[in-house]
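Descriptive structure summary
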2 protein chains.
Amino acid sequence: MVRVTITQVAAHAGVSVASASRALNGQIASAETIAKVRHAAAVLGYVADATAQSLQRGRTNQLAYAVADIGNPVYVEMMSAIERVVSASGYRLLLSSTGTTSSSVDVVRDLGRGYVDGMILSPLRITDELLTALAQSPTPVVVLGRLPDGARLDTVRADSFTAMRLIVDHLVTEGRRDIAFVNGPTDTTPGAFRRDGFAAAVTSHPYLSTRTVDAQDFTIAAGYTAVRQVLAGDQRPDAVVAANDLIAIGAIRAAEDLGLTIPRDIAVTGIDNTELAGVVRPGLTSVDLGAEERGRVAAELLLARIAEPSRAAHTVTVAPSLVVRGSSLVAGHGPKRVAPALEHGDEATAFGTEEAAG
Amino acid sequence: MVRVTITQVAAHAGVSVASASRALNGQIASAETIAKVRHAAAVLGYVADATAQSLQRGRTNQLAYAVADIGNPVYVEMMSAIERVVSASGYRLLLSSTGTTSSSVDVVRDLGRGYVDGMILSPLRITDELLTALAQSPTPVVVLGRLPDGARLDTVRADSFTAMRLIVDHLVTEGRRDIAFVNGPTDTTPGAFRRDGFAAAVTSHPYLSTRTVDAQDFTIAAGYTAVRQVLAGDQRPDAVVAANDLIAIGAIRAAEDLGLTIPRDIAVTGIDNTELAGVVRPGLTSVDLGAEERGRVAAELLLARIAEPSRAAHTVTVAPSLVVRGSSLVAGHGPKRVAPALEHGDEATAFGTEEAAG
DNA sequence: CTGAAAGCGCTAACAA
DNA sequence: TTGTTAGCGCTTTCAG
């Protein structure tokens, strides 16, 4: 299995390399040349070298998805959606983990090496340093998450404010009056926005009693610990609003271990509507932030920017939807979904908002 | 942000491109040259172009992981492990989905394009066509799964026979005597080996009553459907052995919907010991096939082969371990793990077997 | 329509 | 130690 080059194909076909290249790429060439070259290529088992093509054409046909914590089901869901769009467009997908060795900033800086034509970045924290790196990046980057106003970048974001409002309103409707909000770290983008979203949602219900605890991170274990702490207090809340499904599952465990029954003694809600939400018992009421859709849209924005580098920066906000399951109900209604209508995995949903700027 | 090349760095530093290259790559060069070149590179913001380096050096520093169904937690777990090893060795990881557009065979054939230095392949079905493509591949491939004897390829595999034996023995110990085996499609590699493994495991217990159903695929929905069918029969089994955790969760749902209590009326077991197993109630007894370890070992084998292409083909078998949770117990013991000792996520486990051949 | 030649950006001989 | 030169394999002017 020795590497066969276009030079050998050309020689075998009795034409120049230029003709061979043209014939192979569907450029202008006589029928006879095409036939000879095709034949030679087939006989020799020729396949064009991707690296050489990349160098010559100035593009790699590769895109990257950079995320801190692959392993979190939400990011996997996004990645699947991205992969689908990307491979359908003839690109290969590269996975860059930003968690361990390198930070988001490093990853963005490394883009200068030109190993991909574009990147989708899901940063945990958005720092000034990162924004600078993004602004200077020679390769287009689409950011999943909320950027400061004025950042001229393609962005796809969830709507944490609406999400929190949906949850709080629902709990109020179900008669809950004392809500503990278990957030993740507030120095992360999701943590910060869920904190603010919760605060905003609560203002509509001044009679509510609320408190907030920050879990160490967005995991089951951290959720468990945080909720044990909350439930150890004097006054037990009648609802726990968790910042994501993993924390929520930790909350369910903690409540169970204290002999509480969900939802009778305490309601629990999550965010992300991952597969886990449908698997635990009682089913976990959760807000679907449209991970699949966000991934798909991000990939589409990236492809559009590559096709037209000078186009205006777009920001797409994906509308959340509440999926009600047993963990938050008083009596045993079945699961239902609250506005806007959106089935999990549904492909045909409209964008919440799209604004072009810059 | 215009692309700056080594030529410009050399000019700025007042040396030749060769000297610039040597200085940048830690080759032999005078201290003064190094200083000048480093300075020039810093001033101009130079970063070497990855594609040009690849073309020249003849390697891409990229490895690929090809899998049909990313989204299945097991493959995500493997991918994380692979990513860790790969990025620690300075390689980038590419994700090739073989499910939708292209088959495993296409993916392997495409390796001829030279866009990666090696690949880890997790094929759902191993066909002669695939074996041929693998044998002819110019780039090394490590296969996750069981290959026919005589295939001179690096392989990492789980031990389905031991896995099934652990489960069946456990259920027998717990007093179960009528076992329904709910497999996935038997024309897939896992399906075929789990079928054979179950058959073998059962022979040690001739007094057992058993039956087998094949679910449509390895999903919760398919498991649910298959188990509804099983439980509709005249004689209800006292245990369901599912071919993976997803099918097992479908089984739990089906049993619950028929008003059965797990494990009192019926025991349920899974395979893979995914995160889901610890999250459902009752906890799902499951065999850990060492996904994390298999991924890690596969990556290590690949790196070893790239370093030494002519070395003998290795086959590593990872030992399974049974993780007992509530879904299979008669009385309420806590969770426990049966031989060999292996904690979920444990990094420091020995290989079950390693044989070198070829 | 075809071939010769240049060159993508880089590294590695080879001489000097 | 350094610079000159030759490619890596391919695509693309530019003459013919």
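Each remark here, short or long, concerns the structure printed above.
To start, this report covers the structure provided alongside it. Everything numeric here is computed off the predicted structure, so don't read it as measured data. (Residues numbered from 1 in each chain as written. Chains lettered and ligands numbered in written order. Predicted model: local features only at pLDDT ≥ 70, side-chain atom pairs only at ≥ 80, totals over all residues. Heavy atoms only, no water.)

**Comments concerning the overall build of chain A**
When you go through chain A residue by residue, the secondary structure sums to 13 helices and 14 strands. Expressed along its principal axes, the backbone C-alpha trace of chain A runs to roughly 90 × 40 × 35 Å. Here chain A, with 358 residues, has 55% of them falling under the buried criterion. Excluding contacts between residues fewer than 6 apart, the proportion of contacts in chain A whose partners are at least 24 apart in sequence is 71%. (Helix = DSSP H or I, 4+ residues; strand = E, 2+ residues; numbered from the N terminus. Buried < 20%, exposed > 50% of the residue type's maximum accessible area, 1.4 Å probe, protein only. Contact = heavy atoms within 4.5 Å.)

**So, the protein's contact with DNA strand D**
In the vicinity of DNA strand D there are 26 residues, among which I6(A), S19(B), S30(B), T33(B) and Q56(B) approach most closely. Within 4 Å of the protein, the contacting atoms of DNA strand D are drawn from sugar and phosphate to the extent of 65%. Contact distances for DNA strand D include 2.6 Å between a phosphate oxygen and a side-chain N or O atom of Y46(A). One of the side-chain N or O atoms of S19(B) is found 2.5 Å from a phosphate oxygen in DNA strand D. For the surface near DNA strand D, the secondary-structure elements that each account for two or more residues are α2 (17-24) and α4 (50-57) of chain A together with α2 (17-24) and α4 (50-57) of chain B. Among the elements that take part in the surface near DNA strand D, α4(A) stands out by supplying four residues, more than any other. (Near = heavy atom within 4 Å. Polar contact = N/O pair within 3.5 Å; in protein donor to acceptor, adjacent residues only side chain to side chain.)

**Here we look at the relation of the copies chain B and chain A**
Superposition record for chain B on chain A: RMSD 0.1 Å, screw rotation 180°, translation along axis 0.1 Å. Look at the turn and shift together and you get a two-fold axis relating the two. Across chain B, the smallest distance between a C-alpha and the rotation axis is recorded for L94(B), namely 2.1 Å. A symmetric contact is evident, with 100% of the interface residues of chain B recurring at the interface of chain A. (Least-squares fit on C-alpha atoms with pLDDT ≥ 70 in both.)

**Topic: the protein's contact with DNA strand C**
Taken together, 26 residues surround DNA strand C, and among them S30(A), T33(A), Q56(A), I6(B) and Y46(B) come closest. Taking all atoms of DNA strand C within 4 Å of the protein, the share assigned to sugar and phosphate is 67%. The contact in question runs from a phosphate oxygen of DNA strand C to an N or O atom on the side chain of S19(A), over 2.7 Å. Taking Y46(B), its side chain carries an N or O atom lying 2.6 Å from a phosphate oxygen of DNA strand C. When contributions to the surface near DNA strand C are tallied by element, the ones reaching two or more residues are α2 and α4 of chain A together with α2 and α4 of chain B. Per-element accounting of the surface near DNA strand C gives the leading share, four residues, to α4(B). Among the residues forming the surface near DNA strand C, the class breakdown is ten nonpolar, eleven polar and five charged. (Nonpolar A, V, L, I, M, F, W, Y, C, P; charged D, E, K, R; others polar.)

**Concerning the packing of α2(A) against helix α3 (residues 31-44) of chain A**
Residues and elements named next belong to chain A. Packing of α2 against α3 brings their axes to within 9 Å, and their N-to-C directions diverge by 90°. Relative to α3, the element α2 is oriented roughly perpendicular. Of the residues in α3, those touching α2 at S19, A20, A23 and L24 are T33, I34, V37 and A41. In terms of residue class, the contact of α2 with α3 is built from six nonpolar, two polar and no charged. (Axes fitted to C-alpha atoms, helices over the stretch in contact; angles between N-to-C directions. Parallel < 35°, antiparallel > 145°, perpendicular 65-115°, else oblique.)

**Here's the deal with the pattern of salt bridges**
Residue and element names in this part refer to chain B. Considering all chains together, one arrives at 28 salt bridges over all chains under this definition. A salt bridge links E292 to R84; its shortest N-O distance comes to 3.6 Å. Remark: R84 occurs in helix α5 (residues 73-88) and E292 occurs in helix α13 (residues 291-307); sequence separation between them is 208 residues. Overall, E292 belongs to the buried group, its relative accessible area being 9%. Taking the shortest distance from any N to any O, the salt bridge between R253 and E256 comes out at 3.4 Å. With R253 and E256 both in helix α11 (residues 245-257) and three residues apart, this pair spans about one turn of that helix. In this structure R253 comes out as buried when scored by relative accessible area, which is 11%. Take E256: its relative accessible area is 29%, and that puts it in the partly exposed class. (Salt bridge = Lys/Arg side-chain N within 4 Å of Asp/Glu carboxyl O.)

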